[in-house]
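Residue-level structural notes
The chain contents come next:
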Amino acid sequence: MRAAAFSTPRLDKMPRMFFSANPKDLKETDHSLLDDKTQKKRPKTFGMDMKAYLRSMMPHLESGIKSSKSKDILSAAEVMQWSQSLEKLLSSQTGQDVFGNFLKSEFSEENIEFWLACEDYKKTESNLLHSKAEKIYKAFVHPDAAKQINIDFHTRESTAKKIKSPTPTCFDEAQKIIYTLMEKDSYPRFLKSDIYLNLINDLQASSLK
């Protein structure tokens, strides 16, 4: 099945917020920021684990429910809308999860983790900006970061200076670069991936039961 055509959002109009963060997820992110790079190794059973993960988000595949208006049930129509743009994909919590797992299969999950950390950071209270900025910088931007993101030297140095007097926008430049990287590189491959196409096929087949 071919993925639907999508339009590329202009970066200068990219919304600063795409999702409503789950406090529990953010807490877990804080604890995992400094994980060692060795955790990028994937077991041979990753494909099977991914299939089980997707099915866990689609209870109607197992129960035979034809359709549901519940917000907790994933629909084929919703998943197909992810192909419209990366912005549309990231506006969905489930979309973030599925895309994040795809990036893990490509050993580049640090990109979405950094992007999500930046989205959370923008909502941080002023008295907590300094500590959170340092944590994000050490985890993703520092030259020796365990999950170092792929940004140019100028942006890395500029970000290092900005966090000394942190503001809610001090990671915006680096975040925009990573968003563009995902949009131009990972996102098109995601739309052609078995993870995405099989998810649509399974949901469409389930709706016919």
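Computed from a predicted structure; not experimentally measured.

**Here we look at the overall build of the chain**
Across its full length, the chain carries 11 helices and zero strands. Counting from the amino terminus, helix and strand elements in the chain follow one another as α-α-α-α-α-α-α-α-α-α-α. Burial status across the chain gives 42% buried among its 209 residues. Partitioning the contacts of the chain with sequence separation of at least 6, the portion at a separation of at least 24 is 71%.

**Some details on the side chain of Q175**
Structurally, the position occupied by Q175 is in helix 10 (residues 172-192). Taking relative accessible area as the criterion, Q175 reaches 1% and is therefore assigned buried. Separated by 2.8 Å, the side chains of Q175 and E119 make a polar contact. Other than its neighbours up to four places away in sequence, Q175 contacts F114, W115, C118, E119 and K122.

**What to know about the pattern of salt bridges**
The final tally for this structure, using the stated rule, is seven salt bridges. In this structure, the salt-bridge partner of K122 is E119, at a minimum N-O distance of 3.1 Å. For K122, a relative accessible area of 12% puts it in the buried group. Across the salt bridge formed by D172 and K122, the nearest N and O atoms sit 3.8 Å from each other. Of the two residues, D172 is situated in helix 10 and K122 in the loop between helix 7 (110-121) and helix 8 (129-141); the sequence distance between them amounts to 50 residues. Beyond isolated ion pairs, a larger network of salt bridges with shared partners links E106, D185 and R189.

**Observations regarding the environment of C170**
Here C170 is to be found in the loop between helix 9 (153-162) and helix 10. Along the backbone, C170 and C118 are 52 residues apart, and their C-alpha atoms lie at a distance of 9.3 Å. When sequence neighbours within four positions are dropped, the list of residues in contact with C170 reads Y121, T159, K162 and I163.

**Details of the state of the cysteines**
On inspection of all chains with the given rule, the structure shows zero disulfides. Lacking any disulfide linkage, C118 is separated from the closest cysteine sulfur, that of C170, by 8.3 Å. Look at C118 and you get buried, because its relative accessible area is 1%. Judged by its relative accessible area of 2%, C170 is buried.

**Here's the deal with helix 6 (residues 93-105)**
It helps to recall that an α-helix has 3.6 residues per turn; residues three or four apart then point in one direction. Here helix 6 is 13 residues long and its end C-alpha atoms lie 19 Å apart, about the 18 Å a rise of 1.5 Å per residue gives. Taken together, the buried positions of helix 6 are occupied by G95, Q96, V98, F99, G100, N101, F102 and L103. N-capping of helix 6 is provided by S92, with a side-chain oxygen placed 3.3 Å from the backbone N of T94.

Reading guide: rules and limits
Per chain, residue numbering runs from 1 following the sequence as it is written. Restriction of local features to residues with pLDDT of at least 70 applies here, the model being predicted, together with a cutoff of 80 or more for giving and counting side-chain atom pairs; totals for whole chains, interfaces and linings are based on all residues. Here the side-chain values reflect all heavy atoms present in the structure, with hydrogen atoms and water set aside. Secondary structure elements are taken from DSSP: a helix is a run of H or I of four residues or more, a strand is a run of E of two residues or more, and numbering for both begins at the N terminus. For each residue, the accessible area found with a 1.4 Å probe, counting protein chains only, is set against the maximum for its type, and the residue is called buried under 20%, exposed over 50%, and partly exposed in between. Here a residue-residue contact requires only that any non-hydrogen atoms of the pair lie within 4.5 Å. Counted as a polar contact is a pair of N or O atoms within 3.5 Å, where, for protein atoms, one must be capable of donating a hydrogen and the other of accepting one, and residues adjacent in sequence contribute only when both atoms are in side chains. Salt bridge criterion: a side-chain nitrogen from Lys or Arg within 4 Å of a carboxyl oxygen from Asp or Glu. When the sulfur atoms of two cysteines come within 2.5 Å, that pair is taken as a disulfide. A helix is expected to reach a length of 1.5 Å times the quantity of its residues less one.

So far we have only geometry, and geometry alone does not tell us how the molecule works.
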